[in-house]
Amino acid sequence: MTLLDRLRLDGRVALVTGGAGGIGRVIGEQLRDLGAITVLADRSDSVAAVAQSLGGTARNVGALAFDVTDSKSVDKAVAEIVLRHGKLDILVAAAGIAYEEKSLDHSDENWRRVMAINVDGVFYCMRAAGRELAKAGGGAIVAISSIAGVTTV
């Protein structure tokens, strides 16, 4: 048995936020290749085209549009995944934004937007997925960060 064989995720259901582009899209592709039923999520319906480009339902890749900054939207999305697939095994919280501005010039509005997506959104997703993982007796949650968190004054 090879290392890749031991990493197989056949039959596992994974949710990847930020799945319409960047890191989330690539993680979704890798989960698909490892055999997971992968649901790519993003705030716009464009995520459906990304899921289709990764093989769509023929390759066990689906899409779901919701806003990670809205806890009710997150709860509803996780419930939809469980309804469609019977469970949720993996959350990859990859939705995030970077805002290129010096801290001294950062407006309150931009600060709230960054924090709503990068902190609140991750928490809402972890909480909603965590409830399902706890019911099932386990699973995996991966929260993605980036070097964009390092700023200068």
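Keep in mind the model is a prediction, meaning the values are calculated, not measured.

A. Main features of the nonpolar core. Counting 22 residues, the largest nonpolar core has Leu15, Phe66, Ile81 and Leu88 as its most contacted members. Listing elements by their share of this core, those giving two or more residues are β1 (13-17), β2 (37-42), α4 (71-85), β4 (90-93) and α5 (108-136). Considering each element in turn, this core owes the most residues, 6 residues, to α5. If you look at the next biggest cluster of nonpolar residues, it comprises 15 residues, including Val16, Leu31, Ala36 and Val47.

B. Local environment of a nonpolar patch on the surface. Residues Leu3, Leu4 and Leu7 make up a contiguous nonpolar surface patch of roughly 300 Å² in combined accessible area. Examined against the element boundaries, Leu3 turns out to sit in helix α1 (residues 3-6). Residue classification places Leu3 among the exposed positions, given a relative accessible area of 55%.

C. Representation of the sheet that holds β1. Read across the open sheet, the 5 strands follow the order β3-β2-β1-β4-β5; overall the sheet is parallel. Two strands in the sheet have a free side with no partner beyond their single neighbour: β3 (61-65) and β5 (140-143). When strand polarity is set aside, the average angle formed by the axes of neighbouring strands in this sheet is 15 degrees. Where β1 lies against β4, 4 bridges are found, and the strand directions are parallel.

D. Region of interest: helix α2 (residues 22-33). Helix length check: α2 (12 residues) gives 17 Å between terminal C-alpha atoms against 16 Å at 1.5 Å per residue, within 8%. Every buried residue of α2 is accounted for by Gly24, Gly28, Leu31 and Arg32. Down the axis of α2, the sector holding all buried residues measures 100 degrees, keeping them to one side. Those residues of α2 that are buried are in contact with β1, β2, β3 and β4. Looking one or two places after α2, you find Gly35, whose phi comes out positive at around 100 degrees.

E. A look at the side chain of Glu132. Within the secondary structure, Glu132 is located in helix α5. The exposure class of Glu132 is buried, given its relative accessible area of 17%. A distance of 3.2 Å separates a polar atom in the side chain of Glu132 from a polar atom in the side chain of Lys135. With residues up to four places along the chain from it excluded, the contact list for Glu132 reads Val78, Val82 and Leu88.

F. Quick look at α5. The end-to-end C-alpha distance of α5, which contains 29 residues, comes to 40 Å, matching closely the 42 Å that a straight helix rising 1.5 Å per residue would cover. At Ala116, α5 shows its maximal kink, close to 40 degrees. Burial in α5 covers these residues: Asn110, Val114, Ala116, Ile117, Gly121, Val122, Tyr124, Cys125, Ala128, Ala129, Glu132 and Leu133. Among the structural elements, β1, α4, β4 and β5 are those in contact with the buried residues of α5. Gly137, located one to two residues past α5, shows a positive phi value of around 90 degrees.

G. Broad picture of the confidence of the model for the protein chain. Chain-level statistics for the protein chain give a pLDDT mean of 90 and a share of 93% at 70 or above. For the protein chain, the element scoring lowest by mean pLDDT is α1, at 75; β4 scores highest, at 98.

Procedures and definitions
Residues numbered from 1 in each chain as written. Predicted model: local features only at pLDDT ≥ 70, side-chain atom pairs only at ≥ 80, totals over all residues. Heavy atoms only, no water. Core = buried A, V, L, I, M, F, W, Y, C linked by side-chain atoms within 4.5 Å. Buried < 20%, exposed > 50% of the residue type's maximum accessible area, 1.4 Å probe, protein only. Helix = DSSP H or I, 4+ residues; strand = E, 2+ residues; numbered from the N terminus. Patch = residues over 30% accessible without salt bridge, like charges linked within 9 Å, V, L, I, M, F, W, Y side chains within 5 Å. Areas by Shrake-Rupley, 256 points an atom, 1.4 Å probe, with all protein chains shown as cover. Salt bridge = Lys/Arg side-chain N within 4 Å of Asp/Glu carboxyl O. Pairing = 2+ DSSP bridges. Axes fitted to C-alpha atoms, helices over the stretch in contact; angles between N-to-C directions. Expected span 1.5 Å × (residues − 1). Arc of directions from axis to C-beta. Contact = heavy atoms within 4.5 Å. Polar contact = N/O pair within 3.5 Å; in protein donor to acceptor, adjacent residues only side chain to side chain. Bend = angle between axes of the 7 residues up to and from the residue. pLDDT = per-residue confidence, 0-100.

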